[in-house]
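# Fold and geometry: a report
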Amino acid sequence: MPETTKRNVVTCEDLSLTFETADGPVFALSEINLQVSQGEFVSFIGPSGCGKTTLLRTIADLEKSTSGSILVNGVTPEAARMNRDYGYVFQASALYPWRTIENNVALPLEIMGLAKAERDARVAKNLALVDLLGFENKFPWQLSGGMQQRVSIARALCLEPELLLMDEPFGALDEIVRDHLNEQLLRLWNKTNKTVIFVTHSIPEAVFLSTKIVVMSPRPGRIIDVIDCGFARDRTLEFRESPEFLEVAHRVREGLRAGHSYDD
Amino acid sequence: MSRRPDLFCLAALAFSGAALVMDLLFSDPATGIAGAPLFTAALALLCSVAGWWSWKSATTPGHGLALVVVVIGGAVVALVLLYGYGYAGQVSATFWLFILALWALAWRGIDCLAAFSSLNATRQRLVDTLIPVLFGAWLLFLWEVLVAGFEVPHVLLPPPSAIAARFAGSLDILRADFYQTFMKAVLAGYVIGCGSGFAVAVLVDRVPFLQRGLLPLGNLVSALPIVGVAPIMVMWFGFDWQSKAAVVVIMTFFPMLVNTVTGLSEAGALERDLMRSYGAGYWQNLFKLRLPAALPFIFNALKINSTLAMIGAIVAEFFGTPTVGMGFRISTEVGRMNVDMVWAEIVVAAIAGSAFYGVMALLERKFTFWHASYRQN
């Protein structure tokens, strides 16, 4: 597919966000310029406080920018949110303990007001996609942390969004589970051709998953470097030992260093 | 051998042994109970059981059950001596030693039984219910024996048997009182008080200035003394149950209000963001997230209020009522020194109050099974 036909899913121009606090203003985002086009897998990486989560939340209309412009699917973030244009996966699964797995996944569909038959079909389809068929009638607290996070991914996919926003979704999981879920996520992305924006503070995770890595730095939160990595879409975990991988990882680390992320 | 001596069985052995010696040496019927063949036999049995148990140091639940059976037999003997043989009021020290021995054995028996643990849920539940029942029965027995043995005047404390007899003999009166106080005043007041507390909480949550203005006022209402409010309610709403229901409304309103307001802010930030990301409206947010998250708090209020409502309705009846009702009966029968009737009403109140609370606790389990305190994987 030629580059020119790809439509921009997210466009930020001079986007800034300042929180007013009792200790004075905090510059969470400062003059962010960013384009994410359809089908990309973009990672935001940086140390705590660099604004990567705030940027994702601004795209999702969970925060309001103070200046600059931002378009999501060609409309304002608020309009995109009300259109249910994106699915959001949080750091924790945020499953409701009083609902079964099935009903947790169906929650957004209930809010959209879909008919029962349509809900059931979509729930079954997306639970199959994250490999959780057979757990429909369990409760979230009966599942492991990794399974809970997969349920929350199925819940986000249920809306059938073009855009998937993921805020450190595997941050609370151990490395073995995380590797496994990374591979599954990559396969899912490859299969569905969705646009994914992924916040992480793990360099290997970012390099392994992304087509584009956005390196960020704190105080004020800004973009230091944007690295394109056009690796094959069907890469596996072994890819992480290849020289290309290490080269990109090195460049990310250099970017973080330039943004003083390693300063004391 | 590092076996610890079984203190309770040893104590039982010492008590019953001493009693047996005294019984055999001073068999003078004039000084009290000593000399009755039934008593001597019971003492001998207790001696041998206590001796055998402390010798074998038997502590399995089965042994505990056997001890409990022996204790029940001993308790029956004690009651027969007091009432059948007419020794009430003139029992001697040997009798109290006998009771002490029973007490020690009962303790050891329940102790062993409480250690019972089975994978069979029905059996486990059976034993779990048996233990408090036995415990309660022992307390009643002790109460009966002490009151009869020392001939405590009934005005001070009637024995449980007299209360039970009075209870059985006045079922019609008790039923009418229960109907008047519980079915009319308590239930109506409870439903209105909890319902309006809940509705106002949702309103307060929706309209922020109410939270600042109304909550402190609600606090003030909850601090009003019931003995001051009740006569005013009688003036406003008349002598019948409506005024008692009004007192109950005042007592139950605030706990429900405060608990629901707290519960509504219980849902976490992530869960709220999730709802926002779906573009959910206020009511969807309320019904699908915030109310379910608030349920543990709401049930807490429902449980607190179930006991408050009983107290409120009964006390309110002291300040003017038609000639029926639990509080009315208590206040008039106290005046007539009819204390066993008062106790019968107390029994009704206790049963109704616990049943009410129990129903709320069951509902709580049913609706908040997912909460960390009830989860079963």
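Residues numbered from 1 in each chain as written. Chains lettered and ligands numbered in written order. Predicted model: local features only at pLDDT ≥ 70, side-chain atom pairs only at ≥ 80, totals over all residues. Heavy atoms only, no water.

What follows deals with the sheet that holds strand β4 (residues 67-72) of chain A. All names here are of chain A. Taken in spatial order, the three strands make up an open sheet running β2-β1-β4, and their pairing is antiparallel. Edge positions in the open sheet fall to β2 (24-37) and β4, since each of these has one partner strand only. With direction set aside, neighbouring strand axes in the sheet form an average angle of 20 degrees. (Pairing = 2+ DSSP bridges. Helix = DSSP H or I, 4+ residues; strand = E, 2+ residues; numbered from the N terminus. Axes fitted to C-alpha atoms, helices over the stretch in contact; angles between N-to-C directions.)

With that out of the way, let us pick up the interface of chain B and chain A. Frequently, the measure chosen for interface size is the accessible area that the parts lose on association. If you look at the interface, chain B gives 20 residues, while chain A gives 25 residues. Buried surface at the junction of chain B and chain A, both sides included, amounts to about 2300 Å², of which 64% is carbon and sulfur. Per-residue buried area on chain B facing chain A is highest for B:R276, B:Y278 and B:K288; these three make up 30% of the total on that side. Where chain B packs against chain A, one counts three salt bridges. The salt bridge involving A:D61 is made with B:R276; its shortest N-O contact spans 3.6 Å. Inspection of the region where chain B meets chain A yields eight residue pairs in polar contact (both at pLDDT 80 or more). Those elements that provide at least two residues to the side of chain B that touches chain A are α11 (269-277) and α12 (282-316) of chain B. (Contact = heavy atoms within 4.5 Å. Buried area = accessible area lost by both parts, 1.4 Å probe. Salt bridge = Lys/Arg side-chain N within 4 Å of Asp/Glu carboxyl O. Polar contact = N/O pair within 3.5 Å; in protein donor to acceptor, adjacent residues only side chain to side chain.)

All right, on to the domain arrangement of chain B then. Per the domain assignment, the segments making up chain B are domain 1 (7-152) and domain 2 (168-367). Its C-alpha centre places domain 1 of chain B at a distance of 43 Å from the equivalent point of domain 2 of chain B. (Domains from an automatic or database assignment.)

All names here are of chain A. Splitting chain A by domain gives domain 1 (3-85 + 163-258) and domain 2 (95-160). Put simply, the middle of domain 1 and the middle of domain 2, counted by C-alpha atoms, are 25 Å apart. Between domain 1 and domain 2, the residue contacts involve twelve residues of the former and 13 residues of the latter. Summed over the shared surface of domain 1 and domain 2, the result is zero salt bridges. One can count one residue pair in polar contact (both at pLDDT 80 or more) joining domain 1 with domain 2. For the side of domain 1 that touches domain 2, the elements supplying multiple residues, two or more each, are β6 (163-167) and α6 (175-192). With five residues, the single largest contributor to the side of domain 1 that touches domain 2 is α6.

The next point concerns the environment of A:V72. If you trace the backbone, A:V72 turns up in strand β4. Apart from residues no more than four positions distant in its own chain, A:V72 is found in contact with A:V9, A:I59, A:P77, A:A80 and A:L163.

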